[in-house]
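What the coordinates show
Now for the letters of each chain:
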Amino acid sequence: MPDEAVDGEGGSDQDEVRRKLLKPKVSAEEALSLLVDLYDADGGADADATTKVPRAEVVRELDSYDDVNYLVKVDGEKALLKIHNGVESDEYLAARSRKRPRTDAPRDYGGPAGTSIIDLHTAIFRHLAKPECGVTAGKSIPPAKSASAGGDRGQDDAVCVREFPVVSPEHGPRHLVVRLQSWVHGTPLSDVKRCPLETLVDAGRCLGRTCRALDDLAASDPDALRVAQRYHAWDGRHLADVRPYISHIDDPDRRTLVTGVMDAFEKTILEGKEGEKFRMGINHGDFNDANIIVDDAMQVSGCIDFGDTVYSWRVLDVSVAMAYGLISSYGKGNRSISAACAILRGFHHIYPLTPDERKHLRLLLACRLVTSVTFGNYTYKQNPENEYILFHAKPAWEALYFIWGMDGQGANGNTARVIDDVFKTACDNIDAPAQSSIPQCIDLSFPDPSIVDPFASARNKDDISQSKAQNSGKPNVTFVTGNTKKLQEVIRILFDSGDLPITLTNRKIDLPELQGDPTYVAKEKCAMAVKELKGPCIIEDTSLCFSALNGMPGVYIKWFLDKLGLDRLNDMISFSEDKSGYAQTVVAFSEGPGKEILTFEGRTEGKIVRPRGNRDFGWDPIFEPVDGGKELTYAEMTGEQKDSISHRKRAFAKLRDYLKQK
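Overview of the structure. (Residues numbered from 1 in each chain as written. Predicted model: local features only at pLDDT ≥ 70, side-chain atom pairs only at ≥ 80, totals over all residues. Heavy atoms only, no water.)

Considering helix H18 (residues 557-571)
- Along its 15 residues, H18 runs just 14 Å from first to last C-alpha, ending more than 12% under the 21 Å computed at 1.5 Å per residue.
- Considering bend angle alone, the principal kink of H18 is centred on Gly-565 and spans about 105 degrees.
- Among all positions in H18, only Ile-557, Phe-560, Leu-561, Gly-565, Leu-566, Leu-569 and Asn-570 are buried.
- Tucked into the core, H18 has its buried residues touching strand E15 (537-546), strand E16 (553-554) and strand E18 (597-608). (Helix = DSSP H or I, 4+ residues; strand = E, 2+ residues; numbered from the N terminus. Expected span 1.5 Å × (residues − 1). Bend = angle between axes of the 7 residues up to and from the residue. Buried < 20%, exposed > 50% of the residue type's maximum accessible area, 1.4 Å probe, protein only. Contact = heavy atoms within 4.5 Å.)

So, in structure tokens, the structure goes:
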């Protein structure tokens, strides 16, 4: 360990060393005393006024690299008690006193007067609490006014400061910042043993919304933007500063692997000036499965821990999330690239990446894994009892070798090309009716190459069969959609009772959103599609109509869903007791240019309810059909249940009957 890292002669890149030395040492008993002292959680008198009723409880210590975190309860409500490490605490106190931190801090500290990373966290929590941000991240619980007694040196309306020992006895005791934060209810994704792929897509969407909200913060709060422009050793822009720690890796092959990634980064991103093409923004910085909170339905309910927040290349935020997706519970089941693709699709759906950002994703993932395994190795050697550090180590090394290998081409020569291709697919093949809906991800559900695919030969035969069908003399009809789930539903309906005198393919075409009644809209779209395809095609246009609004939003439901989201769609009819409505599909079919356009209508009566069920297929969670008698929304039904009563089934069944007659 370099001596200058602790005596003040080192640069900011030595913060990582100081964090290990200045990690707090706070027992559960001391944490309970903090709650009592700082937050008036000492209890109240009972009915006999003879004993105290405890208001505070320390549940357990939570994993953390550099801080100390406790899950606590105050008045029965969960909260997070965080004692910050000495690096951020020193900067906070220095900013408060408008002077440099203690002499053992780096000499190039340059935080603006009156601000620090801890102040930035406070600003972020306040900003994300705004409903329009669409992100749940917890709120700071103000300390009691009486907490300023006893020599508090830096209390504000969000945090307190108290003296505690740190890991290095010669650098303590230390004045450290304490924050009590409301709990984001749910379960950390890292605690979920079986994570569905859709949850990772939703996690990417949550990160996308977070980045949009942080863009708004940067535009509206100059102080927040200034303090985010700090040096942080984990910031991917500074990968070169990780080099001094490579010598602590004992395995020579691992050292070679890490060095190879760093060389590629410096040559391509820095010397090749590719990094100059990346957009900048305030990043969360550590969007991993321990910081993603999910509810009982496995939907993402919020994110936590903004300790690594920094102003950097925006693409790094999603590459960090993807890197940790490789070693999530889903990714570790030999579906690591599938997991990374799912996060990428969700993020790109909300916060589209540029072509320059997309083409370097694999390298940036490898860079994050390099930082993680190298710093993790060093940290564990300094603090061997911290087994949390080893949690990601083994799978991270395996993931790094898989995606990069010793020559930058992955574990075998084809791996790199395939990974780059599937990352492209994750971005290009997004099909969701609105940003409020989770994009489908069935095309991303594939195993890593280490898993033998028993259906590979069968799939090849299927491809041959499809090729034969296309040359069977039957006309090929194109169903205009890029939505895989919708295509599967239509295939079930059309072909469930036998063969048809057509073959069916699909194609996504961007058609304008037209105004008018459903039949007119479907016919006009079909005419435009026929003109582009120069052959037979099927178009469908679906409406959701509220009786209280005289049939609105109707054909505009996609636009309303995009702008309002599922929950606020319900609010449109909160003024009325009439919650009835109907779902309608109009199918338009034409045999080709100059041919008649026929329409087939299907309608299902129902009522508009609060969202229930899986949210990955448009407005299905808020429509409860009357037919069926099970009081289930479309989203709660199986495919067979929905097919038996759906508006789409009824419309396409009429088309099927027509085609059979042909």
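Section: unusual backbone geometry
- The omega torsion of the bond from Gly-172 to Pro-173 falls at 0 degrees, within 30 degrees of zero and hence cis.
- The residue Pro-173 is located in the loop between strand E6 (160-164) and strand E7 (174-182) in this model.
- A cis amide bond, omega 0 degrees, links Met-552 with the succeeding residue Pro-553.
- Within the fold, Pro-553 resides in strand E16.
- Although it is not a glycine, Met-298 sits at a positive phi angle of roughly 65 degrees.
- When you line up the elements, Met-298 lands in the loop between strand E10 (292-294) and strand E11 (300-303).
- Residues other than glycine seldom take positive phi values, yet Asn-334 does so here, at roughly 60 degrees.

A closer look at the side chain of Asp-67
- By the secondary structure assignment, Asp-67 is in the loop between strand E3 (56-62) and strand E4 (68-74).
- Classification of Asp-67 by relative accessible area gives buried; the value is 12%.
- Engagement of the side chain of Asp-67 in a polar contact is seen with the side chain of Lys-82, the distance being 3.2 Å.
- Among the polar contacts listed, one links the side chain of Asp-67 to the backbone nitrogen of Asn-85, at a separation of 2.9 Å. (Polar contact = N/O pair within 3.5 Å; in protein donor to acceptor, adjacent residues only side chain to side chain.)

Remarks on the pairing of strand E5 (residues 77-83)
- The element E5 is extensively covered by neighbouring structure, given that five of its seven residues are classed as buried.
- Two elements, E4 and E5, share seven bridges in a ladder whose sense is antiparallel. The residue of E5 that forms the bridge with Val-72 is Ala-79.
- Joining the antiparallel neighbours E4 and E5 is a turn of two residues, in which Asp-75 adopts a positive phi near 55 degrees.
- Inspection of the sheet shows E5 paired to E7 by five bridges, in the antiparallel sense. The residue bridging Ala-79 from the neighbouring strand is Ser-182, located in E7. (Pairing = 2+ DSSP bridges.)

As for the nonpolar core
- Within the largest apolar cluster, 128 residues are counted, with the highest numbers of intra-cluster contacts made by Leu-81, Leu-400, Ile-403 and Phe-423.
- Every residue in contact with Leu-81, bar those within four places of it in the chain, is listed here: Ala-31, Leu-34, Leu-35, Val-68, Asn-69, Tyr-70, Val-72, Val-178, Arg-179 and Leu-180.
- Formed by 18 residues, the second largest nonpolar core is a distinct cluster that contains Phe-479, Val-490, Leu-500 and Leu-598. (Core = buried A, V, L, I, M, F, W, Y, C linked by side-chain atoms within 4.5 Å.)

Examining the packing of aromatic side chains
- With the rule as written, the count across this model stands at 14 aromatic pairs.
- Taking 5.1 Å as the distance between ring centres and 80 degrees as the angle between the ring planes, the aromatic pair formed by Tyr-245 and Phe-375 counts as edge-to-face. In this pair, Tyr-245 is assigned in the loop between helix H7 (222-228) and helix H8 (252-271) and Phe-375 in helix H12 (residues 361-382), connecting sequence segments 130 residues apart. Here Tyr-245 matches Phe-375 in class, with each residue buried.
- Judged by centre distance (5.3 Å) and plane angle (85 degrees), the rings of Phe-278 and Trp-313 are edge-to-face. With Phe-278 in the loop between H8 and strand E9 (280-283) and Trp-313 in strand E12 (residues 310-313), this pair connects stretches of sequence that are 35 residues apart. (Phe/Tyr/Trp six-rings, centres within 6.5 Å; stacked < 30°, edge-to-face > 60°.)

Regarding the packing of H8 against H12
- Taken N-terminus to C-terminus, the directions of H8 and H12 make an angle of 135 degrees; their axes are 10 Å apart at the nearest point. Here H12 runs oblique to H8, going by the angle between their axes. Seen along the crossing, H8 lies across H12 with a hand that is left-handed. In this structure, H8 contributes Val-258, Val-261, Met-262, Ala-264, Phe-265, Thr-268 and Ile-269 to the contact, and H12 contributes Leu-363, Ala-366, Cys-367, Val-370, Val-373 and Thr-374.
- Its residues assigned to classes, the contact of H8 with H12 comprises 11 nonpolar, two polar and no charged. (Axes fitted to C-alpha atoms, helices over the stretch in contact; angles between N-to-C directions. Parallel < 35°, antiparallel > 145°, perpendicular 65-115°, else oblique. Left-handed = near helix turned anticlockwise from the far one by under 90°. Nonpolar A, V, L, I, M, F, W, Y, C, P; charged D, E, K, R; others polar.)

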